[in-house]
Amino acid sequence: MNIGMVCFPTYGGSGVVATELGIALANEGHKVHFMSYSQPFRLNLFNENLFFHEFSVNDYPLFEYQPYESVLASKIVDVAMYEHLDVLHVHYAIPHASVAYMAQQILKSKKISLPYITTLHGTDITLVGRDPAFEPVIRFSLNHSNAITSVSESLKKDTLKTFKIDNKITVIPNFINMKDYETVKEYCVKRKYAPKGEKILVHISNFRKVKRVEDVVHVFDSVRKEVPAKLIFVGDGPEKTAIEQLTRQLDLHHDVIHLGKITDPREILSVADLFVLPSETESFGLAALEAMAMRVPVISTNTGGLPEVNIHGKTGFLSNIGDVKDMSENALKLLKSEKLLEQFRKSAFEQAQKFDVQKILPLYEKLYNEVVLKEIVTG
Ligand code: GMT
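The rules behind each value
All residue numbers refer to position in the chain's written sequence, counted from 1. Whole-chain, interface and lining totals are the exception, using all residues; otherwise, since this is a predicted model, local features are given only for residues with pLDDT of at least 70 and side-chain atom pairs are given and counted only at 80 or more. For the side-chain quantities, the full set of heavy atoms in the structure was used; hydrogens and water were omitted. Three labels apply to residues, based on accessible area from a 1.4 Å probe with only protein chains included: buried if under 20% of the type maximum, exposed if over 50%, partly exposed otherwise in between. Only DSSP runs of H or I reaching four residues or more are called helices, and only runs of E reaching two or more are called strands; each is numbered from the N terminus. Should DSSP find at least two bridges between two strands, the strands are regarded as paired. Only residues whose relative accessible area exceeds 30% and that form no salt bridge are eligible for patches; like-charged ones are grouped when within 9 Å, while nonpolar side chains (Val, Leu, Ile, Met, Phe, Trp, Tyr) are grouped when within 5 Å. Where accessible areas are quoted, they stem from the Shrake-Rupley method and a 1.4 Å probe; at the residue level, only the protein chains shown are allowed to cover. Should a side-chain nitrogen of Lys or Arg be within 4 Å of a carboxyl oxygen of Asp or Glu, the pair is scored as a salt bridge. As a rule, the C-alpha atoms of each element are fitted with a line to give its axis, helices using only the stretch in contact, and angles between N-to-C directions run from 0 to 180 degrees. In what follows, residue pairs with any heavy atoms lying within 4.5 Å of each other are defined as contacts. The definition of a nonpolar core used throughout is a set of buried Ala, Val, Leu, Ile, Met, Phe, Trp, Tyr and Cys residues joined through side-chain atoms within 4.5 Å. Roughly parallel refers to an angle under 35 degrees, roughly antiparallel to one over 145, roughly perpendicular to one between 65 and 115, and oblique to any angle outside these ranges. Should the near helix be turned anticlockwise from the far one by less than a right angle, the crossing is left-handed, and should it be turned clockwise, the crossing is right-handed. We call two N or O atoms a polar contact when they sit within 3.5 Å, provided that within protein one can donate a hydrogen and the other can accept it, with sequence-adjacent residues counted only if both atoms are side-chain atoms. When we say a residue is near a molecule or strand, we mean one of its heavy atoms is within 4 Å of it. All amino acids are sorted into three groups, where Ala, Val, Leu, Ile, Met, Phe, Trp, Tyr, Cys and Pro are nonpolar, Asp, Glu, Lys and Arg are charged, and the leftover types, Gly among them, are polar. Each domain span listed reflects an automatic or database assignment of domains. Summed over both partners, the accessible area lost on bringing two parts together, with a 1.4 Å probe, is the buried area. Stacked, edge-to-face and tilted labels apply to pairs of Phe, Tyr and Trp rings (six-membered ring for Trp) whose centres lie within 6.5 Å, assigned for plane angles under 30 degrees, over 60, and everything in between, in that order.

Caption draft 1: Looking closely at the pairing of strand β8 (residues 199-204). Of all the six residues making up β8, six are buried; the element is thus mostly covered by neighbouring parts of the structure. Neither face of β8 is left uncovered, since the one carrying Lys199, Leu201 and His203 and the one carrying Ile200, Val202 and Ile204 both have all their residues buried. The pairing of β8 with strand β9 (residues 229-234) spans six bridges and is parallel. What sits directly across from Lys199, in β9, is Ala229. Sheet topology note: the β8/strand β11 (residues 274-277) ladder contains two bridges and is parallel. Each bridged residue has a counterpart across the sheet, and for Val202 the counterpart in β11 is Phe275.

This is the structure:
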């Protein structure tokens, strides 16, 4: 099958899912054409079935806001016509679902049919999507999608609550390739970050408000009072400076390491004892799943899709949003007992196996086949 894949290329779960899906599909023999304004950061183009079609939005002085949608729609039309796409898969509803609809209509006028699938990732519904300014466009383009997927049951419920959607939503969870995680190597030297054998807590995110990174700092503050520990932050984003200031105010900064953006989280997860994710909303929590696949238990909130991934009392613990005390107690419970920590590590790894690409990929392939077949039958 020839598949068009549209995603945001930047650091963030939706781009990672799109890229990993494209790679898995390419390994199965499908030809996958990525369309994005820059190369998705995990996309390796040395694969005969992977293609990247870059587009750039001109910085014309008349435009205060660049016409991203028009340029992307034109790119989709072009790639669909010349690469003979069978199906288009767009990640993140805003604005990709409406762009896909526009491209579909343009192609229709040229007697070319291109069904499109929209995958909802989270903030496109739970944050940005809640803005009434987007409502009619999102509702329309979702209702006209040939199929919609959401990354968790929770996000499906949120979508149906927020928008009047007549279309069916199929839940296809985030996934990982377990092969990449099976042999646990110590990629980087633990001694560098924890020279005295301190416990290591890790948080990976894009440092947006929704991640509540300040709660990570407060949890670490409590933990460190009882157990020698280090905190490693991975990622960058709008809250980073405020977080740095907070760690200085609390006099924690000597035990906090900021690594910035790294492409392979396994390196740092291989030395972690706990992963902390205290998000306000989290449709799935791919970062938590990646941690679990590296045998790292997760201290998280119980929001959104997190309970579908992190099993309370087994793979980690779930707390109410903002309940730093509970999160700290849970973290200490694990850090103070090697035996318990080991048990949780094992369960985290077992739970992660349920989200192996081998189980999830067929769900996407089935959906692609269904929409393509339906398009042929109904024209
Ligand atoms: O986590 C983010 O803020 C990035 C965002 C994205 O769209 O790139 O992530 C969302 O999609 C991921 C992949 O499906 C999910 O695993 C994340 O839980 C989700 N983030 C939120 O819902 C906040």
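Caption draft 2: Molecular detail of a nonpolar patch on the surface. A cluster of nonpolar side chains, contributed by Tyr60, Leu62 and Phe63, occupies part of the molecular surface with about 330 Å² of accessible area. Relative to the helices and strands, Leu62 resides in the loop between β3 (50-54) and α2 (68-83). Residue Leu62 is classed as exposed on the basis of its relative accessible area of 66%.

Caption draft 3: Quick peek at the sheet that holds strand β2 (residues 31-36). In space, the seven strands of this open sheet follow the order β3-β2-β1-β4-β5-β6-β7, with parallel pairing throughout. Only two strands of the sheet have a single neighbouring strand rather than two, namely β3 and β7 (169-171). Here the strands of the sheet are splayed against their neighbours by 25° on average, with no regard to which way each runs. Packed onto the sheet, helix α1 (residues 13-27) meets β1 (2-6), β2, β3 and β4 (87-91) and runs at close to 155° relative to β2. Taken strand by strand, helix α15 (residues 357-378) contacts β1, β4, β5 (116-120), β6 (147-150) and β7, and its axis lies near 130° from that of β4.

Caption draft 4: Representation of the side chain of Ser347 in the model. Along the polypeptide, Ser347 turns up in helix α14 (residues 338-353). When near neighbours in sequence (up to four residues on either side) are disregarded, Ser347 contacts Lys314 and Thr315.

Caption draft 5: Quick look at the nonpolar core. Ranked by size, the top nonpolar core spans 76 residues in total, and within it Met5, Phe34, Val202, Phe275 and Tyr368 carry the most contacts. Counting 28 residues, the second-largest nonpolar core is a separate cluster that includes Phe220, Ala229, Leu252 and Leu341.

Caption draft 6: Representation of the packing of helix α8 (residues 213-226) against helix α13 (residues 324-335). Two elements in contact, α8 and α13, have axes separated by 9 Å at closest approach and are oriented at 45°. Relative to α13, the element α8 lies oblique. The interaxial crossing formed by α8 with α13 has right-handed handedness. Across the interface between the two elements, Asp215, His218, Val219, Ser222, Val223 and Glu226 from α8 touch Val324, Met327, Ser328, Ala331, Leu332 and Leu335 from α13.

Caption draft 7: Seen up close, the environment of Asn44. Looking at where Asn44 falls in the secondary structure, it is placed in the loop between β2 and β3. Spatially, the C-alpha atom of Asn44 lies 22 Å from that of Met294, the residues being 250 residues apart in sequence. Side-chain polar atoms of Asn44 contact the backbone nitrogen of Phe46, separated by 2.9 Å.

Caption draft 8: Representation of the site of the ligand. Residues in contact with the ligand amount to 19 residues; listed here are only the nearest, His121, Asn174, Arg208, Lys211 and Glu282. The side chain of Lys211 places a nitrogen or oxygen atom 2.7 Å from an oxygen atom of the ligand. In the environment of the ligand, an oxygen atom lies 3.1 Å from a nitrogen or oxygen atom belonging to the backbone of Phe284. The biggest single contributor to the shell around the ligand is α1, with three residues. For the shell around the ligand, the residue count by class is five nonpolar, 11 polar and three charged.

Caption draft 9: Expanded view of the domain arrangement of the protein chain. By the assigned domains, the protein chain splits into domain 1 (2-175 + 357-378) and domain 2 (178-353). The gap between the C-alpha centroids of domain 1 and domain 2 is 31 Å. Opposite the 21 residues of domain 1 that make contact, domain 2 presents 17 residues. Here domain 1 packs against domain 2, burying approximately 1400 Å² in sum over the two surfaces, 56% of which is carbon and sulfur. Across the domain 1-domain 2 interface, the total number found is one salt bridge.

Caption draft 10: Broad picture of the packing of helix α3 (residues 93-109) against helix α5 (residues 135-143). With their axes 9 Å apart at the nearest point, α3 and α5 run at an angle of 55° to one another. By the angle between their axes, α3 is oblique relative to α5. Where α3 crosses over α5, the two elements pack in a sense that is left-handed. Of the residues in α5, those in contact with Ala93, Ile94, Ala97, Ser98 and Tyr101 of α3 are Val137, Ile138, Phe140, Ser141 and Leu142. Of the residues belonging to the contact of α3 with α5, the class tally is eight nonpolar, two polar and no charged.

Caption draft 11: Highlighting the packing of aromatic side chains. In the structure shown here, the tally under the stated rule is nine aromatic pairs. A ring pair is formed by Phe207 and Phe233, whose centres lie 5.5 Å apart and whose planes are at 70°; its orientation type is edge-to-face. Residue Phe207 is found in the loop between β8 and α8, and its partner Phe233 is found in strand β9; the two are separated by 26 residues along the sequence. Summarising the burial analysis for this pair, Phe207 and Phe233 share the class buried. Note on Phe284 and Phe355: the rings are 5.5 Å apart at their centroids and 85° apart in plane angle, and the pair reads as edge-to-face. In this pair, Phe284 is assigned in the loop between β11 and α11 (286-293) and Phe355 in the loop between α14 and α15, connecting sequence segments 71 residues apart. For Phe284, a relative accessible area of 2% corresponds to the buried category. The rings of Phe8, Tyr37, Phe55, Tyr68 and Tyr92 are connected pair by pair, giving a single aromatic cluster.

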